[in-house]
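Fold and contact review
Spelled out, the chains give:
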Amino acid sequence: MPPEAIRRLESELERLAGAPVALDRPSRPEHGDYATNVALQQAPRDGRPPRDLAESLAREAARLPEVERAEVAGPGFVNLFLASGWYGDALAEMLAAAEAYGGGSAAVQERVQVELVSANPTGPLTVGSARNAAYGDSVARLLEFAGHEVEREYYVNDVGRQTDLFRESVEARRRGEEPPVVGYTGDYVKEIAAEEGDPVERMLKVIEEELVEFRVPVDTWVLQGEVEREIPEAVAQVDTYEAEGTTWARTSAHGDDKDRPLVRSSDGSYLYFAGDVAYVRNKFGRGFDRLIYVLGADHHGYVGRLKAAASMLGYDPDRLEVLIYQLVHIVEGGAARQSSKRRGDVVFLQELVEKIGIDASRWYLVSRGHDQPIDIDLDLAKERSEKNPVYYVQYAHARIAGILRNAGERQPSAEAPEEVAGEERDLIKRLAEFPEVVREATERRGPHAIPTYAIRLADDFHRFYHHHRVLQSEQEAFRLGLVVATKNVLARSLDLIGVEAPERM
């Protein structure tokens, strides 16, 4: 894709300065549209006073067609005031790219697998699993928008103590008895007991339906039982030794904090890490360039061991990423909800969706960095007002859709007027930030940057709309172009986090 407007200007300034240039937006308009501190950084290397370098750069920059004037401030900052032509060129680029604006940033396209949710099929999805789903799917959407081929996978724990307990709990209900003391007692157990067949298979079907409704497409479902059949071949490939009646993997030699047990020598039974090794081998064996695991807060110790497994199997451990997300706390009526999945008083995804809707659920579950816990205030999330950020952003999109409906056949244009108003400048500059916001969010696996950006874009649009008429104005075509570009970016921002962009509200 062609270089975006900000990057193109940075490149021109780098040519003049002979050093890398990063442009920032000053907080005050009198300090220009953009500013750079390259003179301060370069001065020690050149052995010149920073202001001398800044004044030289300002003189050269003022000759660029994109720059109306350049000023030196403080010890050596260069403040740039851009010409109206730059705004027109930037808008033209946005309109030409349309819905693809900001995408295609991957320098090397990869085949990526994102393993998400993977909750035990012992009950409906909880809000914790919902955060895994919303976060993992948003990471996948960002990667796809960048140009990667992405496959979403769900690892099904269909064997083991928890699934056995769930089956025992359902069978007890079917006999009219109470479940085991350590079993599952929620109302959903009674509902599953009323149906025939394997309760684990039935619960897995419920989970699949919940994910479809939650806009999380799962491409591949892998059963733990199937992976475990590959354990003997996988274990034979790793460096092991015998100690304390156990076969150990020498993971500490591959970056892990300690060695991990693989096989209990007394009976030859495989331990948990053996399954991890087999699954890593299985994934890479399917030809993925990168593996991304999305795991809950209680899995911090898995980062080192999974990377070590990749290394022992002969793969670059940097091709395996483990993303750990923190807990979700539900607040209702000013009080936090307590929960236990076995007791059945956990907050399930379905309840969250019923109370605040899919859009608000998706928004709030990715609104903070995955390494921070989230508090979701249900009373605020239900509000249809500007206090509710998802409603506020969606309303901006719907308002633009209304403008465009009223515009009929009138065509937008990127041809900037001689004087571009301050609110128009601010809106275009915000739109011009989008490609870099998306790039960073993708590289950092941080989709929370997208709702933050969308709020700021909605702020700039509402401010523009308050001050300027679009239709039947002297700058109608230019302003139509501006609102079309804003609508595209708002819609893309919402889509990247799985939220709908309504045409009417």
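Before reading on, note that the structure itself is shown above.
Residues numbered from 1 in each chain as written. Predicted model: local features only at pLDDT ≥ 70, side-chain atom pairs only at ≥ 80, totals over all residues. Heavy atoms only, no water.

Right, let's talk about the overall build of the protein for a bit. Scanning the protein from terminus to terminus reveals 18 helices and 15 strands. Across the 505 residues in the protein, those meeting the buried criterion constitute 52%. Within the protein, contacts between residues separated by at least 24 positions form 70% of all contacts whose residues are at least 6 apart in sequence. Summed over its atoms, the accessible surface of the protein is roughly 22600 Å², and 46% of this surface lies on carbon and sulfur atoms. The centroid of the 62 positive side-chain charges in the protein is displaced by 2 Å from the centroid of its 87 negative side-chain charges. (Helix = DSSP H or I, 4+ residues; strand = E, 2+ residues; numbered from the N terminus. Buried < 20%, exposed > 50% of the residue type's maximum accessible area, 1.4 Å probe, protein only. Contact = heavy atoms within 4.5 Å. Areas by Shrake-Rupley, 256 points an atom, 1.4 Å probe, with all protein chains shown as cover. Lys, Arg positive; Asp, Glu negative; His and termini not counted. Charge placed at Lys NZ, Arg CZ, Asp CG, Glu CD.)

Looking at where V353 falls in the secondary structure, it is placed in helix 13 (residues 349–365). Sequence separation of V353 and K190 is 163 residues, and the distance between their C-alpha atoms is 22 Å. Contacts of V353, omitting those with residues within four sequence positions, involve E213, F214, I358 and S361.

Here we come to the pattern of salt bridges. For the structure shown, the criterion picks out 50 salt bridges. Among the salt bridges present, the one from E433 reaches R25, with a minimum N-O distance of 3.0 Å. With a gap of 408 residues between them, E433 in helix 16 (residues 422–443) and R25 in the loop between helix 1 (5–17) and strand 1 (34–36) connect regions that are remote in the sequence. Note that D495 and R141 form a salt bridge whose closest N and O atoms lie 3.4 Å from each other. (Salt bridge = Lys/Arg side-chain N within 4 Å of Asp/Glu carboxyl O.)

Glancing now at the sheet that holds strand 4 (residues 111–115). Taken together, the five strands give an open sheet; going across it, the order is 6-5-4-11-12, and neighbouring strands pair in parallel fashion. A single partner strand is all that each edge strand has here, and the edge strands are strand 6 (220–223) and strand 12 (320–324). Each adjacent strand pair in this sheet contributes to an overall mean axis angle of 25°, direction not counted. The pairing of strand 11 (residues 290–295) with strand 12 spans five bridges and is parallel. Bridge assignment links L295 to a residue of strand 12, and that residue is I324. Seen against the sheet, helix 12 (residues 302–312) touches strand 11 and strand 12 and runs at an angle of roughly 165° to strand 12. (Pairing = 2+ DSSP bridges. Axes fitted to C-alpha atoms, helices over the stretch in contact; angles between N-to-C directions.)

Sheet topology places strand 13 (residues 328–332) next to strand 15 (residues 374–377); four bridges connect them, and they run parallel. Following the sheet pairing, I330 is matched in strand 15 by I376. Taking the residues that link successive antiparallel strands as the turn, the strand 13-strand 14 (residues 335–336) hairpin has two residues, and the phi of G333 there is positive, at about 60°.

What follows concerns the packing of helix 17 (residues 449–467) against helix 18 (residues 476–496). Any two packed helices are characterised by how steeply their axes cross, that is the angle between the axes, and by the distance between the axes. At their nearest, the axes of helix 17 and helix 18 sit 10 Å apart, and the two run at 155° to each other. It follows from the interaxial angle that helix 17 and helix 18 lie roughly antiparallel. Our pair here, helix 17 against helix 18, has a crossing hand that is left-handed. Residues I450, Y453, A454, L457, F461 and F464 of helix 17 form the contact with helix 18, whose participating residues are R479, L482, V483, T486, V489, L490, S493 and L496. (Parallel < 35°, antiparallel > 145°, perpendicular 65-115°, else oblique. Left-handed = near helix turned anticlockwise from the far one by under 90°.)

As a further point, take helix 17. For helix 17, which comprises 19 residues, the first-to-last C-alpha distance of 28 Å matches the rise-based estimate of 27 Å (1.5 Å per residue) to within 8%. The set of residues buried in helix 17 consists of I450, P451, Y453, A454, L457, A458, D460, F461, H462 and F464. (Expected span 1.5 Å × (residues − 1).)

Moving on, we come to helix 12. Of all the positions in helix 12, only Y302, R305, L306, A308, A309, A310 and M312 are classed as buried. Looking at the buried residues of helix 12, the elements they touch are strand 8 (246–249), strand 9 (260–264), helix 11 (272–285), strand 11 and strand 12. In the segment just after helix 12, G314 is the residue with positive phi, at about 95°.

The values are spatial; any link to function lies outside them.
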